[in-house]
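Survey of secondary and tertiary structure
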Amino acid sequence: GAVVSQHPSRVICKSGTSVKIECRSLDFQATTMFWYRQFPKQSLMLMATSNEGSKATYEQGVEKDKFLINHASLTLSTLTVTSAHPEDSSFYICSAPRIRSNEQFFGPGTRLTVL
Amino acid sequence: DQQVKQNSPSLSVQEGRISILNCDYTNSMFDYFLWYKKYPAEGPTFLISISSIKDKNEDGRFTVFLNKSAKHLSLHIVPSQPGDSAVYFCAATVKGAEYGNKLVFGAGTILRVKS
C-alpha cells in the first residue's frame, strides 16, 4: 500500500517555541493532505485540509495563525505549531488520499509534548 | 454534533470467536464508509471499505455490512486473533472532489482479543 511518512515522530519543546511537523507521501502525489489531532482516548479530530498551491482550509474552532500549514509540493505538507503551549501537547497525524481515490493513507503520527 | 458514532468504547472477545464492531451515522449524505485499525502511538491503517450502493463487502477475515435504512454499519472479524487487538475507527465520507475527501471519524472501539 501507499506510504505516508511524518517527521519527527516525537518532539519535546519548551513553551513559547514553534515546532514544525512534516508529512510526506512517499510513492504517490497528493494534491490534498489532512491534518488531524488526537487527544488521549479520543477520536481523530480533523484540524485542516492542506491544499497544494493554495491556502489551507481550517475546521471550525482551529486557529489558523496558531497552526500554520504549507503544502509545498505534491508530496509534502508541513504543520507548524506556533508559540506552543502545554495545551497543544497531543498526537498529530496527517493523511493523504491518492488522487481520484476515497482511500486515505495515514502517517505514523507525531507526539508533541510542550513543557 | 457527532455524525459518526461508535457507542461501544470497548469490546472483549475470545480468540477464535467473532468480533462485531458497530457504527451509526446521522448524515444521509455519506456514501462511502471505511474502517481503520490503530495501535497506540501509530497512525491508523486502512482495513476495509464499503460504498453505499452495496450492503456487504468481504476481505478475508473482515466483512463490513451496511444497512442504509438504519444508517448503521458493522465490522465482523472472524475468527478473531490476539493480533487484532487495537482501536477500530469507523469513518464516513461523501464521494467526490466537492466534499474534499474529508473523513468523519467515530470515537473508536477498543477491541481486546483474549487467547
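Look a little higher up for the structure.
To keep things clear, this report deals only with the structure shown in the data block.

Calculation notes
Residues numbered from 1 in each chain as written. Chains lettered and ligands numbered in written order. Predicted model: local features only at pLDDT ≥ 70, side-chain atom pairs only at ≥ 80, totals over all residues. Heavy atoms only, no water. Contact = heavy atoms within 4.5 Å. Buried area = accessible area lost by both parts, 1.4 Å probe. Salt bridge = Lys/Arg side-chain N within 4 Å of Asp/Glu carboxyl O. Polar contact = N/O pair within 3.5 Å; in protein donor to acceptor, adjacent residues only side chain to side chain. Helix = DSSP H or I, 4+ residues; strand = E, 2+ residues; numbered from the N terminus. Buried < 20%, exposed > 50% of the residue type's maximum accessible area, 1.4 Å probe, protein only. Disulfide = S-S within 2.5 Å.

With 20 residues of chain B at the contact, the number on the chain A side is 20 residues. Between chain B and chain A, the buried area comes to about 1500 Å², and carbon and sulfur atoms account for 57% of it. Its largest share of buried area at the contact with chain A, chain B owes to Asn-101, Lys-102 and Phe-105 of chain B, together 31% of the area lost on that side. Summed over the shared surface of chain B and chain A, the result is one salt bridge. With its nearest N and O atoms 3.0 Å apart, the salt bridge here joins Glu-59 of chain A to Lys-102 of chain B. Summed over the shared surface of chain B and chain A, the number is five residue pairs in polar contact (both at pLDDT 80 or more). Elements represented by at least two residues in the side of chain B that touches chain A include exactly strand 4 (32–38) and strand 9 (86–93) of chain B.

Our focus in this paragraph is the pattern of salt bridges. It is possible for side chains bearing opposite charge to pair when their charged atoms get close. All names here are of chain A. Under the definition given, this model contains five salt bridges over all chains. Residues Arg-24 and Glu-22 are paired through a salt bridge, measuring 3.4 Å at the closest nitrogen-oxygen approach. The exposure class assigned to Glu-22 is partly exposed, which follows from its relative accessible area of 23%. The salt bridge involving Lys-66 is made with Asp-88; its shortest N-O contact spans 2.7 Å. Within this pair, whereas Lys-66 is found in the loop between strand 6 (57–58) and strand 7 (67–73), its partner Asp-88 is found in the loop between strand 8 (76–81) and strand 9 (90–97), the two being separated by 22 residues in sequence. The class for Lys-66 is buried, based on a relative accessible area of 11%. Asp-88 gets classed as buried once you look at its relative accessible area, which sits at 5%.

All names here are of chain A. A full pass over the atoms with the stated rule returns two disulfides over all chains. Across a sulfur-sulfur distance of 2.0 Å, Cys-23 and Cys-94 are joined as a disulfide pair. Disulfide Cys-23-Cys-94: the torsion about the S-S bond is 80°, which places it as right-handed. Residue Cys-23 is located in strand 3 (residues 19–25), and its partner Cys-94 is located in strand 9; the two are separated by 71 residues in the primary sequence.

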